[in-house]
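# Notes for the structure review
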Amino acid sequence: MSTSAPQQWRSVLPYLSEPLPPDRTQQDAGTGDPAAVQVNLPLELLRQSVQAKEYWDIPEPVQEAYRRFRPTPLWRATAFEREVGARVPIWVKYEGGNISGSHKLNTALAQAYYYHRAGVRELVTGTGAGQWGTAMAAACALFGMRCTVFMVGGSLERKPYRGVLMRMLGARVHASPSGLTAIARSGASRGNSLSLAIGEAVEYAAATPDAAFCIGSGETYSILHQSVIGTEAIGQLADRGAEVDAVVGCVGAGSNFGGIALPFLAEAASTGADAPLLVAAESSSTPKLTRGVYAYDRTDATGAAPMEAMYTIGSDYGIPDSHSAGLRYHGAAKLVSALRHAGQVQATAVDQVAALEAGRLFTTSELTLPAPESGHALAAAARLAADGADGLRAERGVLVCASGHGYLDLGAYQQLMEGGLADQAPDPQALLRAVSGLDRVERQEALR
Amino acid sequence: MTTHQIDRATISQAVRRIVVAESQLAAAPDAVREDEPLNGSVLRINSLSFVKLLVQVEDDLSVTLPDDLFVGHSFRTVADLVDVVEQGVAA
């Protein structure tokens, strides 16, 4: 039997040991009328975030779009296994084969569909590496919507062709800080570059008629939409008679990790089986899950969005520049964070050089060029399949999500090959300062 | 979007009960007037809590409300909310 593209998304919410901590809402900003309440989020997206319903029908227009690139390939990476000295099979699920070059299109299509159905005619968003912006531009093009993207300026300079592709798809692209918004003009933002880009998008959308801001990775509904990755993988592994006891994805906020891992958690919970190890691979320069605190923090630089319970290194922490812009985010999604807090998700940190070296090995052995972000997941998968790391070790097989391609990251690989790449370990004192004012979800959580 | 009709008084009661809970008020729902501002000195409803509130209204009344009545629209008072839910229930 061969696996086809899923017709339903699968939620893990029915299987949480306790409900997600509620968001702490702020007063509205930017509507021009402080007494009025403006609705910007389609109800269906909120339903998907709060209701403990396991299966959600994928609307037919979204299914039709998925069928252009799903199911995505899954294969046993035998040559990569040999390169890294694996004891157990490494299975790879590759999400880089669509126009956006990453998993981001899975939720961009769904979000654009729901916003369009709700009457919104322009979507505004912020993007780091540009994969989310490209996905949003493509989804808006499909559903006949305008799209405005604020992309981290440094990243746009390094990857100008991301901007070209987004513009080709009809989007307006602004390098952030742009000068178009008060938050950028004021220079008041203390947050990192992605949170500023998101903050600019929030402010711009609030001031633009018929427009809405939409966010990429961290929202619970985004992770639900990404469940197509893990749902397909479960079927594809079963088709091959394969078994894994570890599932790995890289974590910026957590959508590709949640997408590949959480259907395995739901499957285990629904059948009474043991869940595999679910391992989040993060950048060691943004170590929210391995060195952060579980606290309420901002999701963007404006602070207008609700404070969410998350593992965070502090939204004010100055994250060092790297080639993995998709991982340069201060916090993990509240769903991933809650599962981490409950002990159902493990985490490991990977240095940039190790990530790109894993990406290089994967390229030469499997003839597939992964994004540097995906290199973090591949490095973690290699460790689990070989000697183990951080007390984590696979005994039967590892499934890893290669979330995106690296064709626009060849500059990073060139730097690796020339020996010009270095790691930047976070400063413990700076980490402590960045989280010192945050309200902990549980006080006993402390920087390790 | 829904197959059964619900009268305005039932909708108003459900809406007031939920806005009181969302605003964390120690008050009886009947004490909230329909001309009370949603985001004022008594009730503290912002954009996100408003959407959550709509989903709670759906659960309470066993209805499904259409998105196009809400997204991009502004609401000032409890009556605005009751009106639009009534409209959604009738749609």
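Everything discussed here concerns the structure shown above.
Summarised in this report is the structure supplied together with it. (Residues numbered from 1 in each chain as written. Chains lettered and ligands numbered in written order. Predicted model: local features only at pLDDT ≥ 70, side-chain atom pairs only at ≥ 80, totals over all residues. Heavy atoms only, no water.)

## Details of the overall build of chain B
Going by this rule: Runs of E in the DSSP output that reach at least two residues are strands. Runs of H or I that reach at least four are helices, and both are numbered from the N terminus. With C-alpha atoms as the basis for the radius of gyration, the globule rule is written as 2.2 Å multiplied by the number of residues raised to the power 0.38. For each residue, the accessible area found with a 1.4 Å probe, counting protein chains only, is set against the maximum for its type, and the residue is called buried under 20%, exposed over 50%, and partly exposed in between. Whether two residues are in contact is decided by their heavy atoms: any pair within 4.5 Å suffices. Methods summary: accessible areas were calculated by the Shrake-Rupley approach with a probe of 1.4 Å, and residue burial reflects only the protein chains presented.
When its secondary structure is counted, chain B shows three helices and one strand. Against the compact-globule benchmark of 12 Å for 91 residues, chain B has a radius of gyration of 12 Å, which places it among compact chains. Seen along its three principal axes, the alpha-carbon backbone of chain B occupies a region of about 35 × 25 × 20 Å. In chain B, buried positions account for 52% of the 91 residues. Restricting to contacts in chain B with at least 6 residues of sequence separation, those with at least 24 account for 65%. Per element, the accessible surface of chain B, about 4,100 Å² overall, is 49% carbon and sulfur.

## Overview of the interface of chain A and chain B
Condition: Buried area is calculated as the accessible area (1.4 Å probe) missing from two parts once they are joined, with the contributions of both summed. Between Lys or Arg on one side and Asp or Glu on the other, a salt bridge is scored when a side-chain nitrogen of the former is within 4 Å of a carboxyl oxygen of the latter. Each residue receives one of three labels: charged for Asp, Glu, Lys and Arg, nonpolar for Ala, Val, Leu, Ile, Met, Phe, Trp, Tyr, Cys and Pro, and polar for the others, Gly being one of them.
Residue-level contacts link 25 residues of chain A with 26 residues of chain B. Taking both partners together, chain A and chain B bury about 2,400 Å²; carbon and sulfur atoms supply 54% of that area. Three residues stand out in chain A for area buried against chain B, namely Val37(A), Val39(A) and Leu43(A), and they jointly supply 29% of the buried area on that side. For the interface between chain A and chain B, the tally reads three salt bridges. The shortest N-O distance in the salt bridge between Asp67(B) and Arg117(A) comes to 3.6 Å. The dominant element in the side of chain A that touches chain B, judged by the number of residues it contributes, is helix H1 (residues 43-50) of chain A, at five residues. Residue composition of the side of chain A that touches chain B, grouped by class: 13 nonpolar, six polar and six charged.

## Focus on the sheet that holds strand S16 (residues 439-440) of chain A
Residues and elements named next belong to chain A. The condition is simple: One bridge is not enough; two strands pair if DSSP finds at least two bridges between them. Fitted lines through C-alpha atoms serve as axes, helices being fitted only where they are in contact, and the angles separating the N-to-C directions of these axes extend from 0 to 180 degrees.
The strand order across the open sheet built from three strands is S13-S12-S16, with neighbouring strands paired in antiparallel fashion. Since the sheet does not close on itself, it has two edges, and those belong to strand S13 (308-312) and S16, each with one partner. Here strand S12 (residues 293-297) pairs with S13 via five bridges, running antiparallel. Pairing of aspartate 297 across the sheet is with glutamate 308, part of S13. Contacting S12 and S13, helix H14 (residues 334-341) crosses the sheet at an angle of about 65° to S13.

## Comments concerning the environment of Leu65(B)
One can find Leu65(B) in the loop between helix H2 (47-61) and strand S1 (74-75). Residues Leu65(B) and Arg33(B), 32 residues apart in the sequence, show an inter-C-alpha distance of 23 Å.

## As for the packing of helix H5 (residues 131-142) of chain A against helix H7 (residues 160-168) of chain A
Residue and element names in this part refer to chain A. In plain terms, the rule: Put simply, angles under 35 degrees are roughly parallel, angles over 145 are roughly antiparallel, angles from 65 to 115 are roughly perpendicular, and the rest are oblique. Whether a crossing is left-handed or right-handed is set by the direction in which the near helix is turned from the far one by less than a right angle, anticlockwise for left-handed and clockwise for right-handed.
At their nearest, the axes of H5 and H7 sit 9 Å apart, and the two run at 15° to each other. Taken together, the axis directions place H5 and H7 in an arrangement best described as roughly parallel. Handedness of the crossing formed by H5 with H7: left-handed. On H7, the residues that touch Gln131, Gly133, Thr134 and Ala137 of H5 are Arg162, Leu165 and Met166. Classifying every residue of the contact of H5 with H7 gives three nonpolar, three polar and one charged.

## Points about empty space enclosed by the protein
Residues and elements named next belong to chain A. Formally: Only protein atoms enter the 1 Å grid, on which a cavity is a set of points fitting a 1.4 Å probe that cannot get out and a pocket is an open set with protein on both sides within 12 Å along at least 5 of 7 lines, lining residues being those with an atom within 4 Å of a point. Grid points are joined across faces, edges and corners, and a volume is the space filled by probe spheres set on the points.
All chains considered together, the criterion is met by four cavities of 30 Å³ or more. Here the largest cavity defines a volume of roughly 440 Å³. Along its surface, the largest cavity is lined by 34 residues, and Lys104, Leu194, Ser217, Ala253 and Gly326 are the ones closest to its centre. Elements represented by at least two residues in the lining of the largest cavity include exactly strand S6 (122-127), H5, helix H9 (193-206), helix H12 (255-271) and S13.

## What about the layout of surface pockets?
Residues and elements named next belong to chain A. Estimated volume of the second largest pocket: approximately 350 Å³. Breaking the lining of the second largest pocket down by element, the ones donating at least two residues are helix H11 (227-239) and H12. For the lining of the second largest pocket, the per-class residue count stands at eleven nonpolar, one polar and five charged.

## What about the sheet that holds S6(A)?
All names here are of chain A. Taken in spatial order, the four strands line up as S8-S7-S6-S9 in an open sheet, and their pairing is parallel. The open sheet has two free edges, formed respectively by strand S8 (172-176) and strand S9 (211-213), since each of these has just one partner strand. Looking at each pair of strands side by side, their axes are set apart by 20° on average, direction ignored. Here S6 runs beside strand S7 (residues 146-152); their pairing, made up of six bridges, is parallel. Bridge assignment links threonine 125 to a residue of S7, and that residue is valine 149. Most of the contacts of H9 go to S6, to which it runs at about 165°, and overall it touches S6, S7, S8 and S9.

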